[in-house]
Structure formats: structure tokens, C-alpha cells
Amino acid sequence: MHTNLSVGFKSGSRKLAAKYFTVAIILFGAQLIMGLIAAIQFIDPGFLFGIFDFNISRTIHLNALIVWMLYAMIGSVYYMLPDETGIETVGLKLGTLAFWILTAAVTVVVLVFAFIQIGPGSQMSIWFINEGREYIEAPRWADIGIVVVVLIFYSNVLLTYLKSKQRTGIMAVLVADLFALVGLYLAGMFYTDNISVDQYWWWWVIHLWVEATWEVFVGALAAYALIQIIGANRKIVEMWLWIEVLTLFGSGILGLGHHYFWIGTPEYWWEIGALFSSLEPVPLIAMFVHVLYDWGKKQGYLNGQNAGQAIKSTIKNTPAMSWIVVNAFGNFLGAGIWGFFHTLPQVNIYTHGTQFTAAHGHLAFYGAYATILVGMMYIAIQKYYGLERLVSTTKTKLGIALTTFGVLGMTIALTIAGYEQVLVERAELGGGWQAYFTAQALPWFTQAMDWRLIMGVVTCIGFVYLVIDLMTIGKNANAQAKIKQANI
Amino acid sequence: MDEQQPNSVWTSNSFWKRSAGWVTGFAVVLLMFLTFDTMTQITMGTDQDLKDGITKRVPAATVINYQIGYKMDYSRGHEMPVIGKPELFFGKTWSVKEANQLLNLGKLTEQSKDCMNCHTLLGNGAYYAPDLTKAWLDPMWKKGGVMQLMTHTKTKEEAMAAFLQYPVKYAIHVRKMPNLKITAKEAQGLVALLKQMSSIDTNGFPRGFSRNVQDFKQGVSNAH
Ligand code: HEM
Ligand code: HEM
Ligand SMILES: [Fe+2]
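Calculation rules
Residues numbered from 1 in each chain as written. Chains lettered and ligands numbered in written order. Predicted model: local features only at pLDDT ≥ 70, side-chain atom pairs only at ≥ 80, totals over all residues. Heavy atoms only, no water. Helix = DSSP H or I, 4+ residues; strand = E, 2+ residues; numbered from the N terminus. Buried < 20%, exposed > 50% of the residue type's maximum accessible area, 1.4 Å probe, protein only. Contact = heavy atoms within 4.5 Å. Lys, Arg positive; Asp, Glu negative; His and termini not counted. Charge placed at Lys NZ, Arg CZ, Asp CG, Glu CD. Axes fitted to C-alpha atoms, helices over the stretch in contact; angles between N-to-C directions. Parallel < 35°, antiparallel > 145°, perpendicular 65-115°, else oblique. Left-handed = near helix turned anticlockwise from the far one by under 90°. Nonpolar A, V, L, I, M, F, W, Y, C, P; charged D, E, K, R; others polar. Domains from an automatic or database assignment. Core = buried A, V, L, I, M, F, W, Y, C linked by side-chain atoms within 4.5 Å. Donors = N, O, S within 2.8 Å, 3.2 Å for Na, K, Ca; no water. Buried area = accessible area lost by both parts, 1.4 Å probe. Salt bridge = Lys/Arg side-chain N within 4 Å of Asp/Glu carboxyl O. pLDDT = per-residue confidence, 0-100. Near = heavy atom within 4 Å. Polar contact = N/O pair within 3.5 Å; in protein donor to acceptor, adjacent residues only side chain to side chain.

### Brief notes about the overall build of chain B
Stage number 1. On a plain count of helices and strands, chain B comes out with seven helices and four strands.
Stage number 2. Reading chain B from its N terminus to its C terminus gives the helix and strand order α-α-β-β-α-β-β-α-α-α-α.
Stage number 3. When the backbone C-alpha atoms are referred to their principal axes, chain B occupies close to 85 × 45 × 40 Å.
Stage number 4. Expressed as a percentage of the 224 residues in chain B, the buried residues total 56%.
Stage number 5. Sequence-distant contacts, at least 24 apart, represent 51% of the contacts inside chain B between residues at least 6 apart.
Stage number 6. The centroid of the 26 positive side-chain charges in chain B is displaced by 7 Å from the centroid of its 19 negative side-chain charges.

### Structural notes on the packing of helix α13 (residues 355-384) of chain A against helix α14 (residues 394-428) of chain A
Residue and element names in this part refer to chain A.
Stage number 1. Their axes nearest at 7 Å, the elements α13 and α14 cross at an angle of 165 degrees. Put simply, α13 runs roughly antiparallel to α14. Between α13 and α14 lies a crossing of left-handed hand.
Stage number 2. Residues of the contact of α13 with α14, tallied by class, amount to 12 nonpolar, nine polar and no charged.

### Some details on the domain arrangement of chain B
Stage number 1. Domain boundaries in chain B define domain 1 (14-40) and domain 2 (44-223).
Stage number 2. The distance between the C-alpha centroids of domain 1 of chain B and domain 2 of chain B comes to 37 Å.

### Description of the nonpolar core
Residue and element names in this part refer to chain A.
Stage number 1. Counting 215 residues, the largest nonpolar core has Trp 68, Tyr 71, Trp 204 and Trp 214 as the members making the most contacts within it.
Stage number 2. Take this core: its biggest share by element is 27 residues, from helix α7 (residues 195-230).
Stage number 3. Excluding residues within four positions of it along the chain, Trp 68 makes contact with Ala 24, Leu 27, Phe 28, Gln 31, Ala 370 and Leu 373.

### As for the coordination of the iron ion (ligand 3)
Residues and elements named next belong to chain A.
Stage number 1. The coordination sphere of the iron ion (ligand 3), as far as protein atoms go, consists of His 207 (ND1), Glu 211 (OE), His 258 (NE2) and His 259 (NE2), spread over 2.0 to 2.2 Å.
Stage number 2. Counting the intervening residues between successive donors of the iron ion (ligand 3) yields the motif H-x3-E-x46-H-H.
Stage number 3. Residue class for Glu 211 comes out buried when judged on its relative accessible area of 16%.

### Notes on the domain arrangement of chain A
Residues and elements named next belong to chain A.
Stage number 1. Taken domain by domain, chain A comprises domain 1 (1-167) and domain 2 (316-488).
Stage number 2. The C-alpha-based centres of domain 1 and domain 2 are spaced at 20 Å.
Stage number 3. Facing the 25 residues of domain 1 at the interface are 25 residues of domain 2.
Stage number 4. Both sides of the domain 1 and domain 2 interface together cover about 2,200 Å² of buried area, and 85% of this is carbon and sulfur.
Stage number 5. Across the contact surface, domain 1 and domain 2 share one salt bridge.
Stage number 6. With its nearest N and O atoms 3.6 Å apart, the salt bridge here joins Asp 83 to Lys 383.
Stage number 7. Every element with two or more residues in the side of domain 1 that touches domain 2 is listed here: α1 (12-43) and α2 (54-85).
Stage number 8. When residues in the side of domain 1 that touches domain 2 are grouped by element, the largest group, 12 residues, is from α1.

### A short note on the pattern of salt bridges
Stage number 1. Tallied over the full model, the rule gives 17 salt bridges over all chains.
Stage number 2. Glu 131 of chain A serves as the salt-bridge partner of Arg 140 of chain A, at 3.0 Å between the closest nitrogen and oxygen. An identical accessibility class is assigned to Arg 140 of chain A and Glu 131 of chain A; each is buried.
Stage number 3. Between Lys 107 of chain B and Asp 198 of chain A there is a salt bridge, and its shortest N-O distance comes to 2.5 Å. On the criterion of chain membership, the pair formed by Lys 107 of chain B in helix α3 (residues 96-112) and Asp 198 of chain A in helix α7 is interchain, its members lying in two chains. Here Lys 107 of chain B matches Asp 198 of chain A in class, with each residue buried.
Stage number 4. Taken together, the shared-partner salt bridges connect Glu 131, Arg 133, Arg 140, Asp 143 and Asp 198 of chain A together with Lys 107 of chain B into one network.

### Thoughts on the coordination of the iron atom of ligand 2
All names here are of chain A.
Stage number 1. Within the protein, the iron atom of ligand 2 binds to His 61 (NE2) and His 362 (NE2); these donor distances fall in the range 2.0 Å.
Stage number 2. A relative accessible area of 14% means that His 61 is categorised as buried.
Stage number 3. Looking at His 362, the relative accessible area reads 25%, which means it is partly exposed.

### Topic: the confidence of the model for chain B
Low pLDDT means the predicted coordinates in that region are not meant to be read closely.
Stage number 1. On average, residues of chain B carry a pLDDT of 91, and 91% of them reach 70 or more.
Stage number 2. Note on residues 219-224 of chain B: pLDDT is under 50 here. Beyond four places in sequence and across chains, it has six contacts.

### Describing the site of ligand 2
Stage number 1. Taken together, the neighbourhood of ligand 2 is formed by 27 residues, with Gln 31, Arg 58, His 61 and His 362 of chain A together with Tyr 127 of chain B sitting nearest.
Stage number 2. The environment of ligand 2 is shared, with nearby residues belonging to chains A and B.
Stage number 3. Between ligand 2 and His 61 of chain A there is a distance of 2.8 Å, counted from a nitrogen atom to a side-chain nitrogen or oxygen.
Stage number 4. Between ligand 2 and the protein, one listed contact pairs an oxygen atom with a side-chain N or O atom of Tyr 127 of chain B at 2.9 Å.
Stage number 5. Elements that contribute at least two residues to the shell around ligand 2 include exactly α1, α2, α13 and α16 (443-487) of chain A.
Stage number 6. Per-class residue counts for the shell around ligand 2 are 16 nonpolar, eight polar and three charged.

### A short note on the environment of Val 289 of chain A
Stage number 1. Looking at the secondary structure, you find Val 289 of chain A in helix α10 (residues 281-305).
Stage number 2. Taking C-alpha positions, Val 289 of chain A is 8.2 Å from Ala 328 of chain A, a pair spaced 39 residues apart along the chain.

### Observations concerning the site of ligand 1
All names here are of chain A.
Stage number 1. Tyr 135, Asn 348, His 352, Thr 357 and His 360 are the nearest of the 26 residues found near ligand 1.
Stage number 2. At 2.6 Å, a side-chain N or O of His 352 approaches an oxygen atom of ligand 1.
Stage number 3. Breaking the shell around ligand 1 down by element, the ones donating at least two residues are α7, α11 (318-341) and α13.
Stage number 4. Examining the composition of the shell around ligand 1, we find that seven residues originate from one element, α13, more than from any other.

Written as C-alpha cells, this is what we have:
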């Protein structure tokens, strides 16, 4: 086995990771505020009407989401590189410069979205104001900037990997996966007046990100985290990782077909999309089982070995482990179950583009990505203060419980709203302007919108606890550890 | 890294690694193949296709010079767009070049104004406002319908263009569409986009489009 060399938090790679995590959390906060505004606009359409319309709050909600996750992903990679390669990351000066350029660009894009909002119908608008395509609204200049910056990040990862003598399976997966992830962004960077072709390639970015490359990325993160937190056996963890890569790519790549049922693309996508996307929950179940299995096994081993000793838990970082367990569960539930609900064309013809989709989108993004990325932040905090153990505080628990409960509540509300839309707007009335508003006005829908807002507020309260905890848990634990040491 | 010999192939990392490579490679190759095929099928048709009555999944921009319907096709088991007789669009027949330019302006405007973060187009986008896939065919816009009466216009396209420029003035519901500073020309482009989009073969989405709002209002259900 290789040795688990760690350069410690003095490593520049980890300092850079901390920067990325900080911006990620700020953008997460911005995302939630925009979500609240959008949710209020559903209930009171006059709210900020003509000043900060729904499309603007939603655009920033989604872009902040995507960007904070990319930040946290980059941060996680910079964080784990020293552990996985055993050496200091290559090209940190350039990497730090790239961070500042990216952050400046993101700030400009957000300000333009917030204050200029939209432009005249011209290429100029698409290049400098708003590209108008969900999730990747960033204007073209920013697209190019993002690609350049991300390529700098990628080359740092690749060069570090190549320079190091240590070749872990986790790194091999990451290096290949990140390459695909970056390459896919290019599919969203051109203009066409053919809306079917437009959406065909748009889904390459969105679907092949969240249901293929990002999922594999999460698999690698979870593998790393399990080794760090509970000392899971690397060989077994990496075996699971390769199985996950196999099943995730094997189902997710052609599962893309579930977005090609109704956009002008041929009918054979019904079969391809239904077949492969139905298999997508399989790896998610496997990932879920794997986390619980490893944890149970390690704990059982410890219990058998040192019954009665002081250290009762195999978990060296309970906040991170809690978030990772929520991840395993949320990924399976949000992506696997909620995704499967509407993935067959027979169902999707009715649910396509209803609140049902939004229900799935929320639980999946939260369950599969937000959770594990927050978990990585807790791992980073533990190392930053050089703590032997990091134990959950009340704030940790409130943070995780309230955000999760809130998102779950929003998901249930949206599912009910979507179900009502399916019955009334789609099945009964066949869609259309009046059908749409008939369904929007019924109590099942309006009450669901109220509950979504209430649960959104709950999520936000949880987020406040989370931020306070992230800022204090390490410091406090460190102080306590020092007191203990002094007493000995 | 595997120092010990694995007991069985099922617990061998290199076996899973190789398998992952093969499966991924296979999926990618199949996706490439299907992408090529799909691209040939969804490339816009030509003006000649329209004249010859050849159906394309995505018809040419000059489809704006024709009537468009949405009818049940019993052999396919769902509705599909039907391109009918020629009709004037904004009072004229558009040449290939003019129609292309107009559609292009419409698409640029749709993106620049961020319509998709309120509406869905082909079912994708946001859920704050009605799906626009078949908006051109919505009963609200038809002759003698609410919108033509309200906007004092005589054709669908003029009613739509009027609404798009003054959505607050012509609002129907409390949840209004805001004024997006759409010019007269841009509005024409958007209407061309909406009309052309309604002619795309979406495999029957939306199903039974706006078929029985009247029935529903009178308490009659379609679910017999
Ligand atoms: C973590 C993984 C996943 C994430 C983050 C995710 C997220 C999303 C989001 C945000 C959308 C809406 C896109 C839009 O704005 O139009 C969507 C749509 C969809 N997702 Fe997922 N998803 C995931 C996994 C899955 C899985 C595993 C399945 C199927 C088994 C699935 C099935 C679908 C389907 C069918 C749609 C289309 C909905 C429609 O027709 O409106 N998703 N997904
Ligand atoms: C304060 C809590 C939140 C509120 C009130 C909120 C509200 C909203 C609203 C109103 C929309 C627009 C839906 C529509 O078009 O009808 C939306 C979309 C979306 N939000 Fe949130 N949101 C919140 C938190 C989150 C979180 C934590 C995530 C993920 C981590 C998330 C991910 C998404 C996604 C992916 C979409 C697009 C869904 C789709 O197109 O199907 N939101 N949200
Ligand atoms: Fe998908």
C-alpha cells in the first residue's frame, strides 16, 4: 500500500482550497436569497415586479448554485491533492491568480445580471449581458474566461498527478473525470437559431454534468472522505469507485436520452432514454450501501476490538460524516427515486416542465452535491486546526437538520404542486395558456407555494447555523484541545 | 498497487477499472452515432421541402408563410403538426432570406430577454409562465378570441406582437408578464420563432393541447 503522506495545512494547495470554499459559501447564501425572492414572486406576483423580475431572481438563483458548486469542487480537489499525490500541488501561483480572475469575473457577471438584466435582441447581448439559456446564462465573454481559468486549474491537477510517484485510483478517476467535465462546457458555448439543436447540446452540458461527470466526481470525493474520516480500506473503497464509474457512465451517458423525448428529436430516444436512465438509480443505491457498509464495518471492528475504551466512535469527524450520510441518502432519494418517477416517456409527457421537475431538481442538487461539498468543508476545517477529532456541536446539528428538513419540505410541496399540474393542466386540459393558469389557481397549487416558501425559510435558518458553525467549530475545538493538553 | 493477488475477479480493482473503461467507451461511441443521426434529422428543412410537402421534424423558417395545425396522427398514436395552405404573415409572404433573418432575430431576442427563466420552450426552462411550445396554436390567439379583441388586431401575429410589446397593458392574469422593452421588429421576430416552434414535431408534446378548457369550465370532464 502507498503511504498516506500529508503535507498538512501549511500546504499552499490547502490555503487556496480555503479561498475557494469561502467564496462558495458566500454564493450559496446568495443563491438562497434569490430563491426566497423567486418563491415570494410566485405568491405575490407584484413583488419587485418591473424592478427585479422573476426571471432575474431565478437566473441568479441558478447561476449562483452552479458556480458555488464548481468553486467547492475546485476547492475540494485542491484540498485533497496533497493527500492523494503526496506532494505539494504544482502551479499554485498561477492557480491563485486564476482564483482571483474567476472571482472578479463572477462578480461582474452577477452585477450585470442584477442591474443590467437583459439586453436588446442581438449578439452583443449574448456576448456581454445574458445568454438566456438556463444554468449557463453567463455571457460568452465569461464562458471563455471560465474555460481558461478552469484549464489552469486542470493543468495544475494533471501536472501534480504526473509529477507525483504515488498513483491512487481516486486520482486516476479524478483526472479523467475532470477532463470530461471541462470539455463538456464547450458544448454550451455556441449560438444557433434552431431551437431543437440548441436544446440538444444544452443538455449535453446540464445532463452530462449532473448525471455523469459530477456524480463520478462525488464518488471520488466520498471515497476520499471515507478514507479520511473512518479510515476505510483504500483498496476496497477504490474498487467500489471503479464499479461506480462503470455503472454511472454506463447508465448516465445514454440516459441523456430522457431529455430528448419532446424537443424535436427522433422517437428512438424514447427507448434509449427510458432504458438507460432507468438504470441510473443503480449506482446511487450502490453508493448508499457502500457508505453505510464501510461505516458499519469499521464501527463493528472497533467495537469488537476495544470494548470499554475511551474512543467509542470510528468517526474522526462527525460533522463531515453526517453530511456524507445525508449525501448518500439524498443522492439516492433526490436523483434516484425522484428522477426515476418521471424518467419514462409515458410519465414524462405529463410531468415535463411542471413543478415536479423542480421538486426533483431541488432534492437532487441538494442531496447529491450540496451535502458532500459541505462535508468537504468540515474535513478541511479539521485539518486546518490540526485536530485529532472534530465533533458535532449543537449548531452543526441544527445546520444539517434544518437545511435538510427545509429542502425535503420544499420538495414535497413542489411534488404535490406538480402532481396537481399533471392532473389538471396536462391530463385534463392538455396544456396551454388557460390550462396553465387554471391549475396555478387551485388550492393544491397555491398552498404548495406557501409551504415551499415556509420550508425555504427553514432552509435559510439552517444555513445561518451552518455558516456560524463553519466559522466557529474549528476555533472552539482547538481551544478545548489546548485546555485538555494543558491539564495533562 | 495491488500487492496481494485478488481472490476472485469480482474483487479485483483492475478488472473493474478495465470494465469501466470498456462500458464508458461503448456508451460514448453509441452516443456519437446517435448524435450524428439525430443531427441529420433535426437540421432545419428547406423552403423547397415546404413547397414539395416534405415533412421535416424542424421545418425551414419560411414555414411562417403557411398555416399550421396540430392534429392526432393515428398511426403514430399522438398529435403532430400539420403544415397547411400558404397564408400571409404580417401581411406578406416572406422570402427565404427575410424569413431566416426574422427567425434569427427572434431567437436572439428570446435569449437576450431571458424568456426561458419564466417560460418553458419545448418544455424546458422555468415554470412561472405558460409553456410556449405551441403558443402559436393557443385558442386565446385565434380569430375572434380574447387577445385579438383586446389588442384590436385582425390577425394572430399582430395580436401576439402587440402583447409582447405591451404585456402589462394586455395582461390577463394577476401574474403578469413584465415589459421587456421589446421593439416592434423584435416582436415580429419572436412571433416568427413561436410560429416556427409550433411546427416542430415534438412527438406529441403537449398531449391533447388545450383541447377542452371550455368543457372543463362547464364542469364536463374528459375522463370518461
Ligand atoms: C444528482 C443527480 C441529478 C441532478 C442534480 C438532477 C437535476 C435535474 C434538474 C435540475 C432537472 C431540471 C432541468 C431543467 O431545468 O429543465 C432535471 C431534469 C430531469 N431529471 Fe434529473 N437530476 C439528477 C439525476 C437524475 C436521475 C438519476 C434521473 C433518472 C433516473 C433523472 C431524471 C430526470 C428527468 C427525466 C428530467 C426531465 C424533467 C422534465 O422533463 O421536465 N435525474 N434533473
Ligand atoms: C431558500 C430556499 C430555496 C427557495 C425558496 C428556492 C426557490 C426556487 C424557485 C422559486 C425556483 C424556480 C422554480 C420555477 O421555475 O418555478 C427554483 C429553482 C431551482 N432551485 Fe431553488 N430554492 C431554494 C433552495 C435551493 C437549493 C438549496 C437548491 C439546490 C442545492 C436549489 C436548486 C434549484 C434548482 C436546480 C432549480 C431549477 C429547477 C428546475 O428548473 O427544474 N434551490 N428554486
Ligand atoms: Fe437527465
